[in-house]
Amino acid sequence: MKICIINGPNLNLLGKREPEVYGSQTFEDYFETLKQKFPNVELSYYQSNIEGELIGKIQECGFTFDGIILNAGAYTHTSIGLGDAIKAVTTPVIEVHISNTYARESFRHQSYLSGNAKGVILGFGLKSYELAIQSFL
């Protein structure tokens, strides 16, 4: 099984950015934990702060991988293009958020991705990614 984790803007700052919301662990360290926890899954990881690069990665993985886990960060609430990319590919996409977006500012309650995603997992911290992997098994 091949799963690609795609993280959007500012998620490269995990461990430094708002630790009270996002925790103190870097995603790179957490990714190593995921690889150990799921040794029979071929996990890959990609992060970009640029919307078009995220769309390109979805398209690249979207016909050959078994699953995509997407945390589009703030683009979740603004990007029709990312929503269209999810709709265009055949690989199922799980939308993931570290925080509970519904417990935050009202603009974070809107997602342009959810309607095209296989499912949505939010509010469980970094464990949200683990739950998303388990959904594909």
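Keep in mind that what you see is a predicted model, and the values were worked out from it rather than measured. Every chain is numbered independently, its residues counted from 1 as its sequence is written. Selection of residues for local features in this predicted model requires a pLDDT of at least 70, selection of side-chain atom pairs for listing and counting requires 80 or more, and totals for whole chains, interfaces and linings are taken over all residues. Here the side-chain values reflect all heavy atoms present in the structure, with hydrogen atoms and water set aside.

Observations concerning the packing of helix α2 (residues 27–37) against helix α5 (residues 127–136)
Axis separation between α2 and α5 bottoms out at 11 Å; the angle between their running directions is 35°. Judged by the sense of rotation from one axis to the other, the crossing of α2 with α5 is right-handed. Only K127, Y129, E130 and I133 of α5 make contact with α2, whose side of the interface consists of F27, Y30, L34 and K37. Note on definitions: angles span 0 to 180 degrees between N-to-C directions of axes, and those axes are lines fitted to C-alpha atoms, for helices only across the stretch in contact. Only DSSP runs of H or I covering at least 4 residues are called helices, and only runs of E covering at least 2 are called strands; the numbering of each starts at the N terminus. Crossing handedness is defined as follows: a turn of the near helix away from the far one that is anticlockwise and smaller than a right angle gives a left-handed crossing, while the clockwise case is right-handed. We call two residues contacting when some pair of their heavy atoms lies within 4.5 Å.

Thoughts on the UniProt feature "binding site: substrate" (unreviewed entry) in the protein chain
UniProt tags N71, H77, D84, I98, S99 and R108 as "binding site: substrate" (unreviewed entry). Taken along the chain, the residues just named run across 38 residues; in space they spread out, the farthest C-alpha pair reaching 23.7 Å. As for its position among the elements, D84 is in helix α4 (residues 80–88). Relative accessible area serves as the criterion here: at 46%, D84 is assigned to the partly exposed category. By the element assignment, R108 lies in the loop between β4 (93–97) and β5 (119–122). Look past the residues within four positions of R108 in its chain and what remains in contact with it is H77 and T101. UniProt positions are given in the numbering used here, feature names are shortened, and annotations may be inferred rather than shown by experiment. Here the term buried applies to any residue with accessible area under 20% of the maximum for its type, exposed to any over 50%, and partly exposed to those in between, with areas from a 1.4 Å probe on protein chains only.

A word on the nonpolar core
By nonpolar core we mean a set of buried residues, namely Ala, Val, Leu, Ile, Met, Phe, Trp, Tyr and Cys, connected to one another through side-chain atoms within 4.5 Å. Ranked by size, the top nonpolar core spans 22 residues in total, and within it F27, L34, I69 and Y129 carry the most contacts. Secondary structure elements with two or more residues in this core: β1 (2–7), α2, β4 and α5. Not counting chain neighbours up to four residues away, the residues in contact with Y129 comprise I5, N7, L11, F27, Y30, L34, I69, N71, V96 and I98. Counting residues in each nonpolar core, the second largest holds 17 residues, with L54, I58, A72 and L82 among its members.

Considerations on the packing of aromatic side chains
Ring pairs shown here join Phe, Tyr and Trp side chains whose ring centres sit within 6.5 Å, with only the six-membered ring taken for Trp; geometry is labelled stacked below 30 degrees between planes, edge-to-face above 60, and tilted in between. Per the stated rule, a full pass over the model turns up six aromatic pairs. Here a set of aromatic residues connected by ring pairs shows up, and it is made of F27, Y30, F31, Y45 and Y129. Geometry around F65 places K2 over its ring, the cationic atom sitting 4.4 Å from the centre. Whether a charge lies above a ring is judged from NZ of Lys or CZ of Arg, which has to be within 6 Å of the ring centre and within 35 degrees of the ring normal.

Looking at α2
Buried within α2 are the following residues: F27, Y30, F31 and L34. Angularly, the buried residues of α2 cover 105° about the axis, an arc narrow enough to put them on a single face. Directions pointing from the helix axis toward each C-beta atom define the arc.

Remarks on the sheet that holds β1
With parallel pairing, five strands are arranged side by side in an open sheet as β2-β1-β3-β4-β5. Only two strands of the sheet have a single neighbouring strand rather than two, namely β2 (42–47) and β5. Strand-to-strand, the axes of this sheet are offset by a mean angle of 20°, without reference to chain direction. Where β1 and strand β3 (residues 67–71) come together, five bridges link them in parallel fashion. Pairing of I6 across the sheet is with L70, part of β3. Only when DSSP finds a minimum of two bridges between them are two strands counted as paired.

Quick word on helix α3 (residues 51–61)
The periodicity of an α-helix, 3.6 residues per turn, causes residues three or four positions apart to be oriented the same way. Those residues of α3 that sit buried are L54, I55, K57, I58 and C61. The arc enclosing the buried residues of α3, seen along the axis, measures out at 160°, which places them on a common side. Among the structural elements, β1, β2, β3 and α4 are those in contact with the buried residues of α3.

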